[in-house]
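Per-entry structural report
Now for the letters of each chain:
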Amino acid sequence: MANILGFLLSVWNSYFWNRRVVFHSTGTTTWWRVLLKNYLLYFGTGVVATNLLSYLFIDFWSISPYLSPIIIVLLLYPINYVINKYWAHKEEK
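Residues numbered from 1 in each chain as written. Predicted model: local features only at pLDDT ≥ 70, side-chain atom pairs only at ≥ 80, totals over all residues. Heavy atoms only, no water.

1. So, the packing of aromatic side chains
How we decide: A pair of aromatic rings is counted whenever rings of Phe, Tyr or Trp (Trp by its six-membered ring) have centres within 6.5 Å, and the orientation is called stacked for planes under 30 degrees apart, edge-to-face for over 60 and tilted otherwise.
Scanning the entire structure with this criterion turns up 6 aromatic pairs. Taken together, the ring pairs in this structure connect Trp12, Phe16 and Trp17 into an aromatic cluster.

Below is the structure:
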C-alpha cells in the first residue's frame, strides 16, 4: 500500500513542478489530461522499463547490480524529459 501511495504522490509532485517550473505551462492544456499522461509515462518508464532494463543488465548482461541503477537513471531521465516535453506537456491548440 505504501509503494502505491508513494508512486501516486511522487508522480503528482513531478506533474506539479514540471507544469509550473520546467515547462511553464500557460494553462491551455487540460490539467487532468496532462496528469493522466504523466501517470502513464512514469508507469511505463519508472516501473516497466526500469524492471526490464534491470533484468537485462543484471541477469542477461551480468552488469553489477550496483552499477545498473546508475546506468538506468542516466538512460531514462533524458527519455522522460523528452516525452514529457513533446507529449505530456505539449500545449493544445
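2. Thoughts on the packing of helix α1 (residues 2–22) against helix α2 (residues 31–60)
When two helices pack together, their arrangement is given by the angle between their axes and by how far apart the axes lie. Using the following cut-off: For helices, the axis comes from a line fit to the C-alpha atoms of the stretch in contact; other axes are also lines fit to C-alpha atoms, and the angle between any two N-to-C directions lies between 0 and 180 degrees. A run of H or I in DSSP counts as a helix once it spans at least four residues, and a run of E counts as a strand once it spans at least two, with each numbered from the N terminus. Each angle receives one of four descriptions, namely roughly parallel if under 35 degrees, roughly antiparallel if over 145, roughly perpendicular if within 65 to 115, and oblique otherwise. Each crossing gets its hand from how the near helix is turned against the far one by less than a right angle, where anticlockwise is left-handed and clockwise is right-handed. Between two residues, a contact is recorded if the distance between any of their heavy atoms is within 4.5 Å. Throughout, the ten residues Ala, Val, Leu, Ile, Met, Phe, Trp, Tyr, Cys and Pro are labelled nonpolar, Asp, Glu, Lys and Arg are labelled charged, and all others, Gly among them, are labelled polar.
Across the interface, α1 lies against α2 with an axial gap of 10 Å and an inter-helix angle of 125°. Viewed along their axes, α1 and α2 adopt a mutual orientation that is oblique. The handedness of the crossing between α1 and α2 comes out as right-handed. Together, Phe7, Leu8, Val11, Trp12, Ser14, Tyr15, Asn18 and Arg19 of α1 and Trp31, Val34, Leu35, Asn38, Tyr39, Tyr42, Phe43 and Val47 of α2 make up the contact between the two elements. Residues of the contact of α1 with α2, tallied by class, amount to 12 nonpolar, 3 polar and 1 charged.

3. Quick word on unusual backbone geometry
Basically, it comes down to this: We call a residue buried when its accessible area falls under 20% of the maximum for its residue type, exposed when it is over 50%, and partly exposed in between, using a 1.4 Å probe and counting protein chains only.
In this model, serine 62 sits at a positive phi of 55°, which is unusual for a non-glycine residue. For serine 62, the position within the fold is in the loop between α2 and α3 (68–88). Classification of serine 62 as exposed rests on a relative accessible area of 62%.

4. Re the side chain of asparagine 38
Applied cut-off: By the criterion applied in these results, polar contacts are pairs of N or O atoms within 3.5 Å in which, for protein atoms, one can donate a hydrogen and the other can accept it, and in which residues neighboring in sequence qualify only through two side-chain atoms.
Looking at the secondary structure, you find asparagine 38 in helix α2. Here the side chain of asparagine 38 touches valine 34 through a polar contact of 2.8 Å, landing on its backbone oxygen.

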